[in-house]
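# Fold and contact review
So you can see what is in the structure, the chains are spelled out below.
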Amino acid sequence: MNARIDTSALSHLSNRHLDALEEETIFILREVAAAFERPALLFSGGKDSLVMLRCAEKAFMDSNGPSGSRGRIPYPLLMIDTGHNFPEVTDFRDLRAKELGAELIVRSVEDSMARGTVRLAHPGESRNVHQSVTLLEAIEEFRFDALIGGARRDEEKARAKERIFSHRDSFGQWHPKAQRPELWTLFNTRLQPNEHFRVFPISNWTELDVWQYIDRENIALPSLYYAHPRQVVERRGLLVPVTPLTPAKDGETIETRTVRFRTVGDITCTCPVESPAATAGEIVIETLAAEVSERGATRMDDKTSDASMEKRKKDGYF
């Protein structure tokens with residue numbers, strides 16, 4: 001077991017910049033509500049979408065007037081489910097949507113497979129990349145004109161290239177060399193028929209900002225984000241959780257380690273990191289010393305090539 005993390009440095013760590021980040025995020029969330037007819041907020045139950053949800057609460061649900069009445073989030077929550085998500089996360093997703101009285105729409109990759117629009121190369125293939133197809137089908141079904149996502153520029157090179165208001169053509173594709181300029185807070189939201197926008201309100205946040213905000217706001221998260229014992233094997237420099245979907249291979253040694261997840265997603269491509277951090281404050285201290293981005297340390301599907309994420313985004317991925 002690793003030694004406990006010394007959190008005494010937290011008292012010297014400023015979080016005043018979080019007010020500016022929160023204000024920008026709330027402004028963008030309200031701008032989406034004002035500029036689009038049929039927006040939706042992508043909500044997985046992960047930490048970034050829960051931070052966005054807290055900002056949406058502040059943007060639209062603060063007590064209003066002497067009666068203390070609360071408003072409501074003016075767009076539905078949308079989840080694209082691979083069918084291979086951690087149950088702790090999907091259960092938490094359902095709980096938070098119910099607590100807020102928000103409309104939750106779930107569309108499944110398995111339904112796309114049944115329709116024949118998604119075909120796996122082999123039964124063990126990760127379904128993560130195929131979420132693009134199901135997402136585009138959901139956009140067509142509900143005629144969404146803006147999807148609000150929790151991607152951040154610090155996560156990955158392709159995401160660093162993208163605008164906050166990111167235009168998608170009628171095929172749902174992103175063209176990184178033909179993006180609209182964003183000067184100050186002037187966003188070009190013009191759309192042609194069948195086009196839509198992906199909007200990233202926390203694009204300017206970092207992983208450290210997210211955890212400082214979670215700590216400051218006391219945001220509840222799925223238990224996977226905090227230290228817990230789990231059976232894992234070492235593979236390609238990552239700790240792969242041993243599950244029925246990701247069993248150990250011949251010659252691999254199964255170990256029980258104390259781990260946490262820096263990001264959560266499809267079980268078949270999401271890995272934990274070894275960590276004793278059991279609170280948001282302890283994770284803030286760990287993140288200060290991290291030398292590898294959260295996706296670089298935890299995502300098997302990003303290991304294929306430096307351009308793998310950019311290709312998927314061009315094809316309609318989040």
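Residues numbered from 1 in each chain as written. Predicted model: local features only at pLDDT ≥ 70, side-chain atom pairs only at ≥ 80, totals over all residues. Heavy atoms only, no water.

## Comments concerning the pattern of salt bridges
The tally for this structure, following the rule as stated, stands at 24 salt bridges. One salt bridge connects Glu 217 with Lys 58, and the closest N-O pair in it is separated by 3.1 Å. A residue pair is termed long-range when its members are at least 10 positions apart, and Glu 217 in helix 7 (residues 207–217) and Lys 58 in helix 2 (residues 47–60) qualify at 159 residues. Three or more residues are tied together by salt bridges with common partners; here these are Asp 19, Glu 22, Arg 54, Glu 57, Lys 58, Arg 96, Glu 99, Arg 216 and Glu 217. (Salt bridge = Lys/Arg side-chain N within 4 Å of Asp/Glu carboxyl O. Helix = DSSP H or I, 4+ residues; strand = E, 2+ residues; numbered from the N terminus.)

## Re the packing of helix 2 against helix 3 (residues 87–100)
For the pair helix 2 and helix 3, interaxial distance at closest approach is 12 Å and the crossing angle is 0°. On the basis of the axis angle, helix 2 is roughly parallel to helix 3. Judged by residue contacts, Leu 50, Leu 53 and Glu 57 of helix 2 engage Phe 92, Arg 96 and Leu 100 from helix 3. Residues that form the contact of helix 2 with helix 3 fall into these classes: 4 nonpolar, no polar and 2 charged. (Axes fitted to C-alpha atoms, helices over the stretch in contact; angles between N-to-C directions. Parallel < 35°, antiparallel > 145°, perpendicular 65-115°, else oblique. Contact = heavy atoms within 4.5 Å. Nonpolar A, V, L, I, M, F, W, Y, C, P; charged D, E, K, R; others polar.)

## Description of the sheet that holds strand 12 (residues 273–274)
Taken in spatial order, the 4 strands make up an open sheet running 10-9-11-12, and their pairing is antiparallel. Edge positions in the sheet fall to strand 10 (238–241) and strand 12, since each of these pairs with one other strand and no more. Pairing analysis gives 4 bridges linking strand 9 (residues 228–235) to strand 10, with the strands arranged antiparallel. Opposite Val 232, over in strand 10, you have Pro 241 as the bridge partner. (Pairing = 2+ DSSP bridges.)

## Let's talk about helix 3
Its 14 residues give helix 3 an end-to-end C-alpha distance of 20 Å, which sits within 8% of 20 Å, the value for a rise of 1.5 Å per residue. Looking at the residues trailing helix 3, positive phi occurs at Gly 101, about 65°. (Expected span 1.5 Å × (residues − 1).)

## Concerning the pairing of strand 5 (residues 104–108)
Consecutive residues of a regular strand have side chains that alternate between opposite faces of the sheet. Sheet analysis places strand 4 (residues 77–81) next to strand 5, joined by 5 bridges and oriented parallel. Looking across to strand 5, one finds that Leu 77 is bridged to Leu 104. Traced from strand 4 through helix 3 to strand 5, the parallel crossover comes out right-handed. (Right-handed = clockwise from strand over helix to strand, strands pointing away.)

Read these as spatial facts, not as claims about activity.
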